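Here's the letter readout for the chains.
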Amino acid sequence: MKNKIAWLSAPYVLWMALVVVAPIIMVVFYAFTTAEGLAQWGEIPITEIFTLDNFARMGTYTVIFARSFQLALVATIVCLLLGYPLAYVMAKEGPGFQRMAMVLIMLPMWVNFLLRTYAWMAILENNGILNNFFEAIGLFDLINRIFGTDLTYFRMIRTQGAVVLGMVYNYLPFMVLPIYSVIIKLDHSLLEAARDLGANSAQVFRKVIFPLSLPGVLSGVTMVFVPSVSTFAISRMLGGNNQMLLGNLIEQQFLGGAYNPYLGSAIALVMMIIVIVCMVVMNHFGEGEEQAVML
Amino acid sequence: MSKELIRLSNCTMAFDGEVVLDGINLYINDKEFLTLLGPSGCGKTTTLRIIGGFQTPTSGDVFFDGVRINAVPPHKRAVNTVFQKYALFPHLNVYENIAFGLRLGKTDEKGKKVKLSEQEIHQRVMEMLEVVNLRGFEKRHISQLSGGQQQRVAIARALVNRPKVLLLDEPLGALDLKLRKDMQNELKRIQKAMEITFIYVTHDQEEALAMSDTVVVMDAGKIQQIGTPEDIYNEPKNAFVADFIGESNILDGIMRDDGVVEIFNRKFKCLDSGFEKDEPVDVVIRPEDVDIVPENEGQLKGTVTSVTFKGVHYDTIVDFYGFKWLIQTTDFCPVDSRIGIKIDPDGIHVMKKSHYSGMFGDYSSYSEEYEEISDASIDPEEEEQEGGNEE
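Residues numbered from 1 in each chain as written. Chains lettered and ligands numbered in written order. Predicted model: local features only at pLDDT ≥ 70, side-chain atom pairs only at ≥ 80, totals over all residues.

Asker: Even after reading the chapter, I still don't get unusual backbone geometry, so can you show me in this structure?
Answerer: Glycine aside, a negative phi is what most residues show, and trans is what most peptide bonds show. All names here are of chain B. Positive phi, normally seen in glycine, also occurs at Lys31, with a value near 65°. Note on placement: Lys31 falls in the loop between strand 2 (18-29) and strand 3 (33-37). A residue is classified by how many C-beta atoms lie within 10 Å of it, and Lys31, with 18 of them, is partly exposed. Its identity as a non-glycine residue notwithstanding, Arg162 has a phi of 50°, on the positive side. For Arg162, the position within the fold is in the loop between helix 4 (147-159) and strand 9 (165-169). According to the C-beta neighbour criterion, Arg162 is exposed, with 12 such atoms within 10 Å. (Helix = DSSP H or I, 4+ residues; strand = E, 2+ residues; numbered from the N terminus. Buried ≥ 20, exposed ≤ 12 C-beta atoms within 10 Å, placed from the backbone.)

Asker: What should I look at first to understand the packing of helix 10 (residues 160-184) of chain A against helix 12 (residues 201-230) of chain A in this one?
Answerer: Each packed pair of helices is defined by two parameters, the angle between the axes and the distance between the axes. Residues and elements named next belong to chain A. Orientation of helix 10 relative to helix 12, taken along the N-to-C sense of each, is 155°, at an axis distance of 8 Å. In this view, helix 10 runs roughly antiparallel relative to helix 12, as classed from their interaxial angle. With respect to the hand of their crossing, helix 10 and helix 12 are arranged in right-handed fashion. Here Met167, Tyr171, Phe174, Met175, Pro178, Ile179, Ser181, Val182 and Ile183 of helix 10 come into contact with helix 12, specifically with Ile209, Ser213, Pro215, Gly216, Val217, Ser219, Gly220, Met223, Val224, Pro227 and Ser228. Here the residues of the contact of helix 10 with helix 12 are counted per class, giving 14 nonpolar, six polar and no charged. (Axes fitted to C-alpha atoms, helices over the stretch in contact; angles between N-to-C directions. Parallel < 35°, antiparallel > 145°, perpendicular 65-115°, else oblique. Left-handed = near helix turned anticlockwise from the far one by under 90°. Contact = placed C-beta atoms within 7 Å. Nonpolar A, V, L, I, M, F, W, Y, C, P; charged D, E, K, R; others polar.)

Asker: Hey, could you run me through the domain arrangement of chain B in this one?
Answerer: Put simply, an interface is often sized by how much accessible area is lost when its parts join up. Under the domain assignment, chain B is made up of domain 1 (4-234) and domain 2 (247-390). The C-alpha centroid of domain 2 of chain B is placed 41 Å from the C-alpha centroid of domain 1 of chain B. (Domains from an automatic or database assignment.)

Below, the structure written as structure tokens:
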């Protein structure tokens, strides 16, 4: 090691090796083996123990793959559409508004993630808070009278919408904060220079602020998309059985009735690779801007 | 000079009750190179920002070509700015930085949106790259440029819009001395070639004298003097200007008559007139206007306390009756030697007393004998029995 104090990082390196690198190696190992194969360890050639069987079986789950990436994508886009304007206004407003908005964004994060999601269950249930409220104000009566229907509740829970709502609610701060921190650090003289050269407010935003805030958008997108695509708690609590996502599928293979950690590992590996490819492509896309912020 | 282009009329600027500009009256002619010169905090940058439209004066008016433009936003003004730290767009290359203003689509006099063709943009950008000597750099990223090159891009980016006025806010501050001298000539050349008005902000008096048609010396939010570089240097209006522009010995004197000023109880011929009889005044004597002569021929006699070799000349500090003068001479006078000095009438400049009197123009701090604080009012007879030749 070149640096004399580099050994200070040894505990962390050890920790990483034990809880990150080792499990990944195990996942890769499991993904390419099966219970039957391993039972014959030493009896058949080692090349026959390693197999692509798990990957071949994955075709059955294409729907779940597609749904996971689709919902995560929708949640990410909604977070971006909600989060960017909020981050922009926060960065432009005075410190009073900034502090208040920051507290409001952070406040839910002081409550446990599962509790927050349980709260949404209570709100969205068929006889939950929201439906009771609609009942109380006579919304259902009104609708039934106009359309001649027989409505007693809105079906909100156990829908894709509820899952997306849960994702957006839980991960929105991870979109707002990186964008905010990039915009607040923008050199004010760049904005003055743009105005000086003849840009009106819209042009200043489109040609200077937005391109220079892309690194924040990229990290925000990453920080929302990755946990969204792999979540299993949100989908189980708000999506029920018919909105199963990759996270639930993997969980089932390890803990559920379908116990098959070899298949579970293979699914996890494929998901990881898809996510990594997405991120590499995106970061490549934003490379120029990344440099810009380093300046 | 030609016609008036910009006028600041009684402009005052206050931030949170703190006055940074105090009743500025200033007009700027077309095609003029005007410099706002002063120490930091004097209000020069604020003045520039008012002209650029980034600040609106608390009171007073700004006129451009006879039209009041107080409320006109920066993007609708026919001025462009070269910012102190260049403020180049880091996400664009050299070409796109320069083309930025051209791509915005301006509205012409008739209110019609004008969009330049790619071809025209290309031609004008290339033209500007030629002007600032950066041909071949168009694809470079901003981070790949040196400070001097970034400076040139900033100038090109502003000039490509063909503004009537270019505002420059200490544009050479971040460059090293050699490059700064080169860029001074370069800027002067560009200003002549483009035939537009330059308003230049600096705290560097040499820069101001070398480049400007008109220098505006500012301090404490007020204009202290407006004039050509020669006027400012030769005829400073008060002790502040005399001290800020070049080196000056500033002495207390009494105007005995038109053309006669008394310093250290000795009368000197000068060219100034129009003062009250026996009016107390400030007297400026530039270090290069003093001739060193043998002690017995001198109008004043003193002791050399320090000598510093400066290349072309020696900075010689001489103690006259307790007041230390700076004399710049090519003659070497050793420390502790006794010398006399002669000053021609045109080397003496008399100024009215101002609140700056007594604050500047004493070179005690140059001396190693720091404890011997100079005192101009000391009676020379105490120290020096035989006086100089009285007029």
